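Secondary and tertiary structure notes
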Amino acid sequence: MRRRVARKHNILALLSCLLLGLVVLSGCQNTREKDAGREGLPEEIGHVEYNVYITRELNLRDTEDMGYYKGPEAPPGFALYGVFLTACNPNEDVNAPHWLASSRFTIEDTQGNTFHPLPLPADNIWAYKARPLKQNACIPKLGSLASSGPTNGSLLVFKLPLQTLENRPLDLIITSPPQENGKRDEGRIELDV
């Protein structure tokens, strides 16, 4: 009789542990619906190739980082992240249309939380500024300090809660301007943070 009771208790304990494990695992669900490109590899979105060269935390007390962003430091519980990227029209045909580069960027974590870039002043030479791109033209412009500097790209700055870093991978979602058919193209690049 004691063996039966003990066996029932063992089975109940095992079932309880399994149920608890299922509850814990279901809370860690990844909401990513689409595959993402990789940082460091070009991703064509709306006839323009976007390439994220580096994503890193900005330390405004560091001499190099002071030059990238002159805004306020991140408040407690947050961090500033710089996403350095290029946008290029890969078409070599001189008669090809000029394509407008995107001005719509969002970071999304695996829980569906979204974050938008902070506005940067117009005189910031590192700031990403959308513009029409003729054949073989890029943002940043070839020969500019942003294109030949240590980051090889123009800058987007995001203020992210530290908790978001627990919900990786983080995707940069790029939404193109309306295309010929009136629709917007969208792509994702997984950020290496």
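Shown above is the structure to which this text applies.
Cut-offs applied
Residues numbered from 1 in each chain as written. Predicted model: local features only at pLDDT ≥ 70, side-chain atom pairs only at ≥ 80, totals over all residues. Heavy atoms only, no water. Helix = DSSP H or I, 4+ residues; strand = E, 2+ residues; numbered from the N terminus. Buried < 20%, exposed > 50% of the residue type's maximum accessible area, 1.4 Å probe, protein only. Contact = heavy atoms within 4.5 Å. Pairing = 2+ DSSP bridges. Core = buried A, V, L, I, M, F, W, Y, C linked by side-chain atoms within 4.5 Å. Phe/Tyr/Trp six-rings, centres within 6.5 Å; stacked < 30°, edge-to-face > 60°. Lys NZ or Arg CZ within 6 Å of the ring centre and 35° of its normal.

**Remarks on the overall build of the chain**
Scanning the chain for helices and strands turns up three helices and twelve strands. Out of the 193 residues belonging to the chain, those deemed buried represent 39%. Long-range contacts, defined as pairs at least 24 residues apart, comprise 70% of the intrachain contacts of the chain with a sequence gap of at least 6.

**Focus: the environment of Pro132**
Inspection of the secondary structure assignment puts Pro132 in strand E8 (residues 132-133). Spatially, the C-alpha atoms of Pro132 and Leu100 are 4.0 Å apart, while their sequence positions differ by 32 residues. When neighbours within four sequence positions are excluded, Pro132 is seen to be in contact with Trp99 and Leu100.

**Digging into the sheet that holds strand E12 (residues 186-191)**
Strands pair in a sheet through their backbones, by hydrogen bonds, and they do so in one of two ways: parallel or antiparallel. The mixed open sheet is built from five strands, whose spatial order is E1-E12-E11-E6-E7. A strand with exactly one partner marks an edge of an open sheet, and here the two such strands are strand E1 (37-38) and strand E7 (114-115).

**Concerning the pairing of strand E10 (residues 154-161)**
Summarising burial for E10: seven of the eight residues are buried, a large majority. Here eight bridges tie strand E4 (residues 78-88) to E10, and the two strands are oriented antiparallel to one another. Looking at E10, one finds that Val83 is bridged to Leu156.

**Observations concerning the nonpolar core**
In globular proteins that are soluble, nonpolar side chains generally tend to be buried together. With 27 residues, the main nonpolar core has Tyr50, Val83, Phe105, Ile107, Tyr128, Phe158 and Leu172 as its most contacted residues. Sorting the residues of this core by element identifies strand E3 (48-57), E4, strand E6 (104-108), E10, strand E11 (170-175) and E12 as the ones contributing at least two each. Ranked by residue count, the leading element in this core is E4, at five residues. Setting aside chain neighbours within four positions, we find Phe158 in contact with Ala79, Leu80, Tyr81, Val83, Phe105, Ile107, Phe115, His116, Pro117 and Leu172. Leu60, Tyr68, Phe84 and Ala146 belong to the second largest nonpolar core, which has ten residues in total.

**Here's the deal with the packing of aromatic side chains**
Applying the stated criterion to the full structure yields four aromatic pairs. Judged by centre distance (5.1 Å) and plane angle (65 degrees), the ring pair of Tyr68 and Phe84 falls under edge-to-face. Residue Tyr68 is located in helix H2 (residues 63-68), and its partner Phe84 is located in strand E4; the two are separated by 16 residues in the primary sequence. Judged by relative accessible area, Tyr68 falls into the buried class, the value being 1%. In this structure an aromatic cluster arises from ring pairing among Tyr50, Phe105 and Tyr128. Against the face of Phe78 rests Lys159, its NZ or CZ located 5.3 Å from the ring centre.

**A look at the side chain of Ser154**
In this structure, Ser154 sits in strand E10. For Ser154, a relative accessible area of 2% gives the class buried. With sequence-adjacent residues up to four places away left out, Ser154 is seen in contact with Val83, Phe84, Leu85, Trp126, Ala127, Tyr128, Ile139 and Pro140.

**What to know about the pairing of E11**
Both faces of the sheet carry side chains from a regular strand, because those side chains alternate between them. In terms of residue burial, E11 counts as a mostly covered element, since six of its six residues are buried. Covered by surrounding structure in E11 are Leu170, Leu172 and Ile174 together with Asp171, Ile173 and Thr175, the residues of both alternating faces. Pairing geometry for E6 and E11, over five bridges, is antiparallel. Considered in E11, the bridge of Phe105 is made with Ile174. The pairing of E11 with E12 spans six bridges and is classified as antiparallel. Of the residues in E12, the one forming a bridge with Ile174 is Gly187.

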